[in-house]
Amino acid sequence: MTPTLTAFERSPDRGRGLARDMRVRWALEEVGQPYEVRLLSFEAMKQPAHLALHPFGQIPTWQEGDLALFESGAIVLHIARRHAGLLPDDADARARAVAWMFAALGTVEPPIVERSMALMLERDQPWFEARLPGLDERVRIRLDQLSRRLGEADWLDGDFSAGDLMMVTVLQRLGGSGLLETCPNLEAYVSRAEARPAYRRAFADQLAVFEASQAGEAGGPRACQGEVYAVRPPGHALNV
Ligand SMILES: N[C@@H](CCC(=O)N[C@@H](CS)C(=O)NCC(=O)O)C(=O)O
């Protein structure tokens with residue numbers, strides 16, 4: 001059965017591939033599995049039909065027969081376990097690849113998201129300028145540690161794996177911040193991943209969705225100085 005994932009009907013990142021359906025699209029392209037995409041408006045994501053699939057009213061979700069999943073990490077892990085190409089055969093190496101997935105989502109992503117949410121939502125606060133250096137520093141610490149571990153290697157642990165896929169999608173969220181550039185080996189790591197044919201196919205597909213959404217439409221999300229802003233219903237923080 002062909003799986004269906006959900007994605008933004010009109011991604012606030014303007015097709016830069018930062019929305020988390022990109023992780024799932026990329027994983028599916030890596031393992032060569034076809035899929036369908038159901039596009040959702042921000043309003044539809046908060047309706048009961050979608051909340052039944054995703055308790056937090058977000059994308060992506062995954063439906064395949066009787067199985068419904070949410071959380072990009074869980075979905076990518078599911079794909080990687082079912083299909084060859086994203087996890088090594090050796091049991092120990094497989095466990096380490098999964099550890100890198102968790103590291104990406106649980107250790108590296110939180111300070112990056114905290115920083116971008118502050119830029120998005122707190123910029124006008126009088127204390128924002130004083131807060132930003134601390135947010136930058138927390139990101140820099142993780143980047144330095146990751147950079148030291150990666151060293152001169154192409155990938156985090158042997159061949160490209162779901163751990164690299166997840167880590168790269170997390171690091172991409174630093175685009176425009178100037179922080180990734182402080183670690184040239186991490187910058188090269190991201191570029192190496194982005195050159196993969198599977199990544200390029202997934203990127204093109206999500207970009208085509210955004211471009212179609214823009215045809216004939218005015219207003220909506222806009223990008224400013226590398227950070228993403230979006231028109232959103234009052235009281236809703238829009239988490240890209
Ligand atoms: N931890 C979740 C995060 C999901 C998430 O933040 N999705 C964003 C798009 S990338 C979203 O749906 N934002 C809209 C909202 O939070 O209302 C995952 O990895 O799937």
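Numbering of residues starts from 1 in each chain and follows the order in which that chain's sequence is written. Totals for whole chains, interfaces and linings use every residue, but because this is a predicted model, local features are given only for residues with pLDDT of at least 70 and side-chain atom pairs only at 80 or more, for both listing and counting.

A. Quick look at the sheet that holds strand 3 (residues 61–64). Sheet architecture is open: 4 strands sit in the order 2-1-3-4, paired in mixed fashion. If you trace the sheet from one side to the other, it starts and ends with strand 2 (36–40) and strand 4 (67–70), each paired once. For this sheet, the mean inter-axis angle between neighbouring strands, taken without regard to orientation, is 25°. We call two strands paired when DSSP finds no fewer than two bridges between them. Each helix corresponds to a stretch of at least 4 residues labelled H or I by DSSP, and each strand to a stretch of at least 2 residues labelled E; elements are numbered beginning at the N terminus. Pairing of strand 1 (residues 4–8) with strand 2, which is carried by 5 bridges, proceeds in the parallel orientation. Bridging across to strand 2, A7 finds its partner in L39. All axes here are fitted lines through C-alpha atoms, helices being fitted over the stretch that makes contact, and every angle between N-to-C directions spans 0 to 180 degrees.

B. Local environment of helix 1 (residues 21–31). Burial within helix 1 is extensive, with 10 of its 11 residues counted as buried. When we look at burial in helix 1, the residues that qualify are D21, M22, R23, V24, R25, W26, A27, L28, E29 and E30. Any two residues are considered in contact once their C-beta atoms, placed from the backbone, lie within 7 Å. Looking at the packing, one finds that the buried side of helix 1 touches strand 1, strand 3, helix 4 (72–82), helix 7 (162–171) and helix 9 (197–214). Trailing helix 1 by a residue or two, G32 shows a phi angle of about 70°, which is positive. Whether a residue is buried, exposed or partly exposed follows from its count of other C-beta atoms within 10 Å of its own C-beta, namely 20 or more, 12 or fewer, or something in between, respectively; the C-beta atoms are built from the backbone.

C. Structural context of the environment of F160. Inspection of the secondary structure puts F160 in the loop between helix 6 (128–150) and helix 7. Between the C-alpha atoms of F160 and A193, which are 33 residues apart in sequence, the distance is 8.6 Å.

D. Representation of the environment of G134 in the model. Residue position: G134 is located in helix 6. Sequence separation of G134 and R115 is 19 residues, and the distance between their C-alpha atoms is 9.2 Å.

E. Looking closely at the packing of helix 4 against helix 7. Where helix 4 contacts helix 7, the axes come no closer than 10 Å and their chain directions differ by 155°. Relative to helix 7, helix 4 is oriented roughly antiparallel. Between helix 4 and helix 7 lies a crossing whose hand is right-handed. Across the interface between the two elements, G73, V76, L77 and A80 from helix 4 touch A162, L165 and M166 from helix 7. The residue classification treats Ala, Val, Leu, Ile, Met, Phe, Trp, Tyr, Cys and Pro as nonpolar and Asp, Glu, Lys and Arg as charged. All others, Gly included, are polar. Of the residues assigned to the contact of helix 4 with helix 7, the class counts are 6 nonpolar, 1 polar and no charged. For classification purposes, angles smaller than 35 degrees are called roughly parallel, those larger than 145 roughly antiparallel, those between 65 and 115 roughly perpendicular, and all remaining angles oblique. It is the rotation of the near helix from the far one that decides the hand of a crossing: anticlockwise by less than a right angle makes it left-handed, clockwise makes it right-handed.

F. Focus on the packing of helix 5 (residues 91–121) against helix 6. At a minimum axis distance of 9 Å, the contact between helix 5 and helix 6 shows a crossing angle of 155°. As summarised for this structure, helix 5 and helix 6 are arranged roughly antiparallel, according to the angle between their axes. Note that helix 5 runs across helix 6; the crossing there is left-handed. Here helix 5 contributes T107, V108, P111, I112, E114, R115 and A118 to the contact with helix 6, which in turn contributes R131, L135, D136, R138, V139, R142 and L146. In the contact of helix 5 with helix 6, the residues fall into 7 nonpolar, 1 polar and 6 charged.

G. Structural view of unusual backbone geometry. Cis geometry is found at the peptide bond from I59 to P60, where omega equals 0°. Of note, the phi angle at E71 is positive, near 80°, even though the residue is not glycine. Position of E71 among the secondary structure elements: in the loop between strand 4 and helix 4. Here E71 falls in the partly exposed class, since 17 other C-beta atoms lie within 10 Å of it.

H. Expanded view of the nonpolar core. Counting residues in each nonpolar core, the largest one holds 48 residues, and the members touching the most others are A27, V76, A104, A162, M166 and M167. Counting only elements with at least two residues in this core, the list comes to strand 1, helix 1, helix 4, helix 5, helix 6, helix 7, helix 8 (184–194) and helix 9. The split of the chain into domains comes from an automatic or database domain assignment. Formed jointly, this core draws a minimum of three residues from each of two domains, domain 1 (4–85 + 197–229) and domain 2 (91–194). With residues near it in sequence (within four places) discarded, A27 still touches V76, I79, A80, L86, A162 and L165. Any nonpolar core is a set of buried residues, restricted to Ala, Val, Leu, Ile, Met, Phe, Trp, Tyr and Cys, that join up through C-beta atoms within 7 Å.

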